Amino acid sequence: MKGIDPAERLLKSLGVTEPHEIELEDIAFDQGAEIRYCDLSGCEADILGYQDRAIISIDRKRGFRRRRFSIAHELGHWHYHRGKKLQCRVEEYQPKHKQLAERKANGYAASLLMPHYLLKPRARDHRKLTFKTIEQFSSEFRTSLSAAAIRLVEADIWPCMLICHTRQGRKWFTQAPMFHDRWFPQTELDPESSAFDVIFGQSEGDTHPRIIGAEAWFDRVEAQRYELFEQAKRVGDGEALVLLTIKDSRMMEEEPERFGY
């Protein structure tokens, strides 16, 4: 199993073949870690380890799926940084400039909760990615909607980009590798986007994807030639997730086309 993701290697060694078999307390026990639920102040979780034993404390005031992510995140720290005491503000998405240790723990958590060997075969049964599909995976794998959305987009099965927006502007974004990185979303939200009414109005989001001009999201001359499928969903007060899917495969070409501008 050389070269396999360490979290997936662990799951396979434990004989996990279905999402409901990912029982984090049992996995932690196997790894020499005890899970304790308690009231924490200032952080969502922490880990105290010595030699081959660790205690992982989880804030019991958090929701069930949030606690699962926190456990998986701390198990990531245990895998990579045994013997250290770490306190975490657990975030499901860490931008590239964030601390490397936190990003590595997040990557481990994502693989532990939604391993590709279980996720990708199921995902390929879906012709396109929508929030209805994301909700199905979130329920099956017992993760938050945001965590499921990130994992599915980054699985590189559909030409998608996921953007988190707040009233202050773009918070973060991630994309499928096939969604060429020359397409960098604008910081401010275009009023034509349905996400605008999700964040500043009363809308809960789109039931189905809708078509929008790519120039609403990307400040590039050639964006005027393309359309996208856009779907927005409220995930908190003044916060929305936006799923963009490429409609024209030319948008994914390595070099921008020359339109004579």
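One can find the structure itself at the top, above this paragraph.
The model shown is predicted, which means the values in this text are computed figures rather than measured ones.

Conventions and cut-offs
- Residues numbered from 1 in each chain as written.
- Predicted model: local features only at pLDDT ≥ 70, side-chain atom pairs only at ≥ 80, totals over all residues.
- Heavy atoms only, no water.
- Helix = DSSP H or I, 4+ residues; strand = E, 2+ residues; numbered from the N terminus.
- Buried < 20%, exposed > 50% of the residue type's maximum accessible area, 1.4 Å probe, protein only.
- Contact = heavy atoms within 4.5 Å.
- Areas by Shrake-Rupley, 256 points an atom, 1.4 Å probe, with all protein chains shown as cover.
- Arc of directions from axis to C-beta.
- Pairing = 2+ DSSP bridges.
- Axes fitted to C-alpha atoms, helices over the stretch in contact; angles between N-to-C directions.
- Phe/Tyr/Trp six-rings, centres within 6.5 Å; stacked < 30°, edge-to-face > 60°.
- Salt bridge = Lys/Arg side-chain N within 4 Å of Asp/Glu carboxyl O.
- Polar contact = N/O pair within 3.5 Å; in protein donor to acceptor, adjacent residues only side chain to side chain.

S.K.: I tried to follow the overall build of the protein on my own but got confused; where do I start?
M.R.: Within the protein, the secondary structure is distributed over eight helices and nine strands. The buried share of the protein, reckoned over its 261 residues, is 50%. Sequence-distant contacts in the protein: of pairs separated by 6 or more residues, those separated by 24 or more amount to 56%. Roughly 13,300 Å² of accessible area belongs to the protein as shown, and the carbon and sulfur atoms make up 46% of that amount.

S.K.: Whenever I open this one, helix α5 (residues 116–123) confuses me. Can you help?
M.R.: Given 3.6 residues to a turn, an α-helix orients residues that are three or four positions apart in the same direction. Among all positions of α5, only Leu118, Leu119 and Ala123 are buried. Seen along its axis, α5 keeps its buried residues to an arc of 115 degrees; they face one direction. Looking at the buried side of α5, the elements it contacts are α6 (131–141) and α7 (145–154).

S.K.: How do you make sense of the sheet that holds strand β9 (residues 239–246) when you look at a structure like this?
M.R.: Sheet strands pair via backbone hydrogen bonds, and the direction of the pair is either parallel or antiparallel. Across the sheet, five strands lie side by side as β6-β5-β9-β8-β7; this open sheet has antiparallel pairing. In this open sheet, the two edge strands, each paired with only one partner strand, are β6 (169–175) and β7 (210–213). For this sheet, the mean inter-axis angle between neighbouring strands, taken without regard to orientation, is 30 degrees. Where β7 lies against strand β8 (residues 227–236), four bridges are found, and the strand directions are antiparallel. Its bridge partner lying in β8, Ile212 is registered against Leu228. In this fold α7 packs onto β5 (160–166), β6, β8 and β9, with an angle of close to 45 degrees to the strand it touches most, β6.

S.K.: Can you help me understand the packing of aromatic side chains in this one?
M.R.: Where two aromatic rings form a pair, the distance of their centres and the angle of their planes describe that pair. Enumeration according to the criterion identifies seven aromatic pairs in this entry. Ring centres of Phe179 and Phe218 lie 6.2 Å apart, and the angle between their planes is 45 degrees; this geometry places the pair in the tilted category. Here Phe179 is found in the loop between β6 and α8 (194–200), whereas its partner Phe218 is found in the loop between β7 and β8, with 39 residues between them in sequence. Grouping residues by exposure puts Phe179 and Phe218 together as buried. An aromatic cluster is built from Phe179, Trp183, Phe218 and Tyr226, whose rings are joined through pairwise contacts.

S.K.: Could you clarify how one ought to interpret the pattern of salt bridges in this entry?
M.R.: Opposite charge on two side chains makes pairing possible when the charged atoms of those side chains draw close. In this structure the tally under the stated criterion is 19 salt bridges. Of the charged contacts, one joins Asp39 and Arg60 as a salt bridge, the two residues approaching to 3.2 Å between their closest N and O atoms. Taken as a pair, Asp39 in the loop between β1 (33–38) and β2 (45–50) and Arg60 in the loop between β3 (53–59) and α3 (64–80) lie far apart in primary sequence, 21 residues in all. Classification of Asp39 as partly exposed rests on a relative accessible area of 48%. The shortest N-O distance in the salt bridge between Glu222 and Arg182 comes to 2.8 Å. Of this pair, Glu222 sits in the loop between β7 and β8 while Arg182 sits in the loop between β6 and α8, placing them 40 residues apart in sequence.

S.K.: Whenever I open this one, the pairing of β3 confuses me. Can you help?
M.R.: If a strand is regular, its side chains alternate between the two faces of the sheet. Most of β3 sits inside the fold, with five of its seven residues counted as buried. Across six bridges, the pairing between β1 and β3 is parallel. Of the residues in β3, the one forming a bridge with Tyr37 is Ile58. In terms of strand pairing, β2 meets β3 through six bridges, oriented antiparallel. Within β3, the residue paired with Gly49 across the bridge is Ala54.

S.K.: Hey, could you run me through the environment of Glu34 in this one?
M.R.: The residue Glu34 is located in strand β1 in this model. For Glu34, a relative accessible area of 38% corresponds to the partly exposed category. For Glu34 and Ile56, which are 22 residues apart along the polypeptide, the C-alpha to C-alpha distance reads 6.0 Å. With residues up to four places along the chain from it excluded, the contact list for Glu34 reads Ala54, Ile55 and Ile56. At 3.1 Å, the side chain of Glu34 and the side chain of Arg36 are in polar contact.

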